[in-house]
Amino acid sequence: MRVFKVGIIGVGFIGEKHLQAFNTLVNVRVSAIAELDRNRRELCCETHAPDNVFACHHDLLALTDLNLVVVCVPNHLHARVTNDALNAGHHVLCEKPMATSVKDAVAMIKNASENRRLLMIAMNFRWEFFGPGLFHLKKLIDEGRLGKVYYIRAHYLRRQTFPVTKYERWNLSKEHSGGGVLMDLGSHMLDLAMWLLDDYQPRSVAGVTHNALAKYAEVDDFASGSVTLGNGARIQMDLAWNSHCSPAWQIDVYGEKGGAVITAGGHPDDRRLTLFSLRDNAPASEQVSAADFSRPMESSLQAHIVNSIKADEPSQCSAEQALQVTRVIEAWYRSSESGRDVLLSDV
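Residues numbered from 1 in each chain as written. Predicted model: local features only at pLDDT ≥ 70, side-chain atom pairs only at ≥ 80, totals over all residues. Heavy atoms only, no water.

With that out of the way, let us pick up the packing of helix H5 (residues 102-114) against helix H11 (residues 319-338). Between H5 and H11, the shortest axis-to-axis distance is 9 Å and the interhelical angle comes to 170°. As the angle between them shows, H5 and H11 are arranged roughly antiparallel. Residues Val102, Ala105, Val106 and Ile109 of H5 lie in contact with H11, whose contacting residues are Ala319, Glu320, Leu323, Thr326, Arg327 and Glu330. (Axes fitted to C-alpha atoms, helices over the stretch in contact; angles between N-to-C directions. Helix = DSSP H or I, 4+ residues; strand = E, 2+ residues; numbered from the N terminus. Parallel < 35°, antiparallel > 145°, perpendicular 65-115°, else oblique. Contact = heavy atoms within 4.5 Å.)

Below, the structure is given as structure tokens:
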């Protein structure tokens, strides 16, 4: 069977994660990498021995036997490098956030269409941190088991991500990251909430952002706000890189027939799904056993992407969905600056 070949641009922390995940799949190999940093290139060669190693991403894009190019560069380069890959004739999986502006995201989708290439965005939380329980919850919602879902509360609050004293990293630069915790964790959590509801038609946003603890940074380390979707449901979201509170990472779902709380974490024991309902007109709850979860068709984001390309089928991590997430984030920042609700029709 022909090997599915992947090229990765940028093999820092995230690029290394993708490299390991793709190489665990049957008949899939990361055959090329491009990385500016010499030490990272050498380490990648020692650890993974890709067939082709480049300093310049244009050299990687000149290869004609790649089935997919994965873009894992700092946020401000996502649009430029992705467009280079699309113009070179490659299907692309771009890391989140899709882009640092709606304008760039729209142009990326237009470019993919004109080149007749697939563009997907790496929304890996479904598989990697929430896991099968999230797919089970999605199935329950789709089947109407919770009734009409009218409210979702998603919160990802960390105790500390970055030191509160001076620290150098591109994520903390407005120019390179485009934003802080809202751009970083918000991309994932917004996508999850809209995916659960199968509603990527946001109508309005009311949000605040704040640089609370890492005062030296140019970006936000806290964000809180609400998003009204096309079907009338509301998403409330709270995010923190650094905070003086207990860590929390979960999604609460409120439906007319039932509700749910699902937690996430790096270890499977952290991932719990609890359902709430009425039984004989009295409040009832149950924790769903992992053995009863509806399993996703694929074990990872990377497996899903490979299967989507092989089958020439739409991905659950489409650029069109990610565009709507980008629109919400841009509206959120505008709302924080103006102190007013922002209509998505204005973004």
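Still more ground to cover, so stick around.
Of the strand pairs in this sheet, strand S7 (residues 149-157) and strand S11 (residues 248-255) are connected by eight bridges, and their pairing is antiparallel. The residue bridging alanine 154 from the neighbouring strand is isoleucine 251, located in S11. Here seven bridges tie S7 to strand S10 (residues 234-240), and the two strands are oriented parallel to one another. Along S10, the bridge assignment pairs tyrosine 156 with leucine 239. (Pairing = 2+ DSSP bridges.)

Over its 20 residues, H11 runs 28 Å from end to end, which matches the ideal 28 Å to within 8%, given 1.5 Å per residue. Burial of H11 is extensive: 14 of the 20 residues sit out of reach of the surface. A positive backbone phi angle near 75° is found at glycine 339, which sits one or two residues after H11. (Expected span 1.5 Å × (residues − 1). Buried < 20%, exposed > 50% of the residue type's maximum accessible area, 1.4 Å probe, protein only.)

What the six strands build is an open sheet, ordered S3-S2-S1-S4-S5-S6; its pairing is parallel. Looking along the sheet, the strands with just one partner apiece sit at the ends: strand S3 (52-54) and strand S6 (119-122). Taking the axes of each pair of neighbouring strands and ignoring which way they run, one obtains an average angle of 25° across the sheet. Bridge count between strand S4 (residues 68-71) and strand S5 (residues 92-95): three bridges; the pairing is parallel. Bridging from a neighbouring strand, valine 70 pairs with leucine 93 of S5.

A few words on the side chain of aspartate 238. Mapped onto the elements, aspartate 238 comes out in strand S10. Taking relative accessible area as the criterion, aspartate 238 reaches 12% and is therefore assigned buried. A distance of 3.5 Å separates polar atoms of two side chains, one belonging to aspartate 238 and the other to glutamine 236. Discounting chain neighbours no more than four positions away, the residues touching aspartate 238 are Arg153, Ala154, His155, Tyr156, Leu157, Ala223 and Ser224. (Polar contact = N/O pair within 3.5 Å; in protein donor to acceptor, adjacent residues only side chain to side chain.)

In the structure shown here, the tally under the stated rule is one cavity of 30 Å³ or more. Estimated volume of the largest cavity: approximately 30 Å³. Taken together, Ile121, Met123, Arg126, Asp191, Gln316, Cys317, Ser318, Gln321 and Ala322 make up the full set of residues lining the largest cavity. Classifying every residue of the lining of the largest cavity gives four nonpolar, three polar and two charged. (1 Å grid on protein atoms, 1.4 Å probe; cavity = no way out; pocket = protein on both sides within 12 Å on 5 of 7 lines; lining within 4 Å. Points joined across faces, edges and corners; volume = space filled by probe spheres on them. Nonpolar A, V, L, I, M, F, W, Y, C, P; charged D, E, K, R; others polar.)

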